[in-house]
Amino acid sequence: MDFRHFFNSKKISFIAIFAVLTTFSAAQAANSTTTAAASVSHETHGEEEFKPTEVIMEHIGDSHDWHIVGHYSVPLPVILYTDKGFEFFLSSQFHHGEHDYQGKHYTYRLVDKKKIQVVGADGAVDEAASKHVWDFSITKNVAAIFLSVFLLVLIFTSVARAYKKREGKAPKGFQSFIEPIILFVRDDIARPNIGHKYARFMPLLLTIFFFIWFNNLLGLIPIFPGAANVTGNIAVTFVLAFIVLIVVNINGNRYYWKHILAPDVPWWLYPIMIPVELVGVISKPFALMIRLFANITAGHIIILSLISLIFVFKSMAIAPVSVAFVLFMNVLELLVAALQAFIFTLLTALFIGMAVEEHH
């Protein structure tokens with residue numbers, strides 16, 4: 001049989017995918033350069049020194065609007081619960097933090113482009129009143145999560161419909177891309193680590209894997225609706241780790257709890273072993289939370305730090321080196337995006353497997 005046509009088509013597909021990824025990487029570098037350059041221009045006008053820390057922290061942090069390009073951004077809904085009732089308005093009322101907004105109950109100010117606080121009659125922040133304000137706003141990271149969930153539902157419902165229509169037939173189109181990944185999660189993550197009970201945990205493992213992977217990839221897209229640092233937000237990784245903690249301990253069998261509360265050691269070691277085992281119950285999901293948060297955030301920080309070197313040294317001579325390293329880091333981050341989703345899912349399956357393992 002002649003397979004040359006098959007390999008040629010794969011080669012063409014690989015070249016096309018690489019070209020797209022390189023284009024995204026170049027766009028990310030250009031976008032980072034534009035952002036930093038805008039900051040430099042603004043600060044130079046005010047005769048202030050360029051502060052890379054502020055630029056980097058603004059990029060990786062959350063915000064009440066979604067930046068598009070230049071001074072244009074998409075305002076997001078602000079939802080506040082106060083001791084006098086709810087407040088609803090768009091973040092554009094703050095004019096990027098330059099103006100206060102007079103609501104029904106209080107006057108509000110966007111402090112440091114992140115925190116909303118109450119302003120008193122004297123124009124100063126009223127700390128006492130601000131303590132009664134609960135912020136349930138749709139921030140950039142929340143909007144990005146809604147977007148990724150919408151994409152996941154759209155993609156997998158379409159794939160499910162395709163399987164129903166083509167029952168018993170080979171996968172076609174997007175099915176042929178998704179199916180190997182699903183089988184990889186099942187055969188290389190769930191089965192080896194959980195055992196014969198793997199099937200009941202497959203929905204959780206697939207959801208975790210694709211949710212992390214999609215958000216990592218969306219965070220690498222430099223233009224709207226990308227560039228949100230969702231998995232680099234410790235609140236998001238905390239919730240994912242907390243879900244793993246609950247699932248593991250709810251499904252833990254009697255041997256799992258016996259190992260924690262009555263380990264096979266002399267009784268006089270119990271005061272040492274039991275606290276250590278209980279700490280282990282918390283430290284495992286804690287490690288998941290920190291690992292994902294730190295790796296994704298570090299990638300964004302490194303890329304922006306490399307771009308900032310141009311403006312720190314105030315020389316275009318360093319620009320080719322900085323941009324070349326940024327392109328390299330962006331391509332590397334594509335690998336990290338999938339790798340972190342794989343590691344989080346793998347360790348989740350491992351922890352579940354330890355909890356449901358039967359005694360031998």
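Residues numbered from 1 in each chain as written. Predicted model: local features only at pLDDT ≥ 70, side-chain atom pairs only at ≥ 80, totals over all residues. Heavy atoms only, no water.

Looking at this structure, I do not really get the sheet that holds strand β7 (residues 115-119). What am I missing?
The strands that make up a sheet are held in pairs by hydrogen bonds between backbone atoms, and each pair lies either parallel or antiparallel. Read across the sheet, three strands follow the order β5-β6-β7 without closing on themselves; strand pairing throughout is antiparallel. The sheet is open, and its two borders are formed by β5 (101-102) and β7, each paired with just one other strand. In this structure, β5 lies alongside strand β6 (residues 107-111), joined through two bridges in antiparallel fashion. The partner of Gln102 across the bridge, within β6, is Thr107. (Pairing = 2+ DSSP bridges. Helix = DSSP H or I, 4+ residues; strand = E, 2+ residues; numbered from the N terminus.)

Just to check I follow, could you spell out the pattern of salt bridges for this structure?
Two side chains with opposite charge may pair up if their charged atoms get near one another. Counted according to the given criterion, the structure contains three salt bridges. Between Arg109 and Asp100 there is a salt bridge; the shortest N-O distance is 2.9 Å. Overall, Arg109 belongs to the partly exposed group, its relative accessible area being 23%. Residue Asp100 is classed as partly exposed on the basis of its relative accessible area of 35%. (Salt bridge = Lys/Arg side-chain N within 4 Å of Asp/Glu carboxyl O. Buried < 20%, exposed > 50% of the residue type's maximum accessible area, 1.4 Å probe, protein only.)

Explanation requested: the pairing of β7 in the structure shown.
Each regular strand shows side chains that alternate between the opposite faces of the sheet. Burial within β7 is extensive, with four of its five residues counted as buried. In this structure, β6 lies alongside β7, joined through five bridges in antiparallel fashion. Bridging across to β7, Tyr108 finds its partner in Val118. In textbook terms, the turn of a hairpin is the stretch between consecutive antiparallel strands, and for β6 and β7 this stretch comprises three residues, one of which, Asp112, has a positive phi near 55°.

What is the right way to read the side chain of Gln175 from this model?
When you line up the elements, Gln175 lands in helix α5 (residues 175-194). What makes Gln175 buried here is its relative accessible area of 4%. Once you skip the residues sitting within four places of it in the chain, Gln175 turns out to touch Val159, Ala162, Tyr163, Arg166 and Pro180. (Contact = heavy atoms within 4.5 Å.)

Where do I start with α5 in this structure?
Quick reminder: α-helices carry 3.6 residues per turn. Residues three or four places apart thus point the same way. Taking the largest bend as the criterion, α5 deviates by roughly 25°, centred on Arg186. Along α5, the residues classified as buried are Gln175, Ile178, Ile181, Val185, Ile189, Ala190 and Ile194. Where α5 is buried, its residues meet α4 (140-165), α6 (202-220) and α10 (319-356). Backbone geometry just downstream of α5 places Gly195 in the positive-phi region, at approximately 95°. (Bend = angle between axes of the 7 residues up to and from the residue.)

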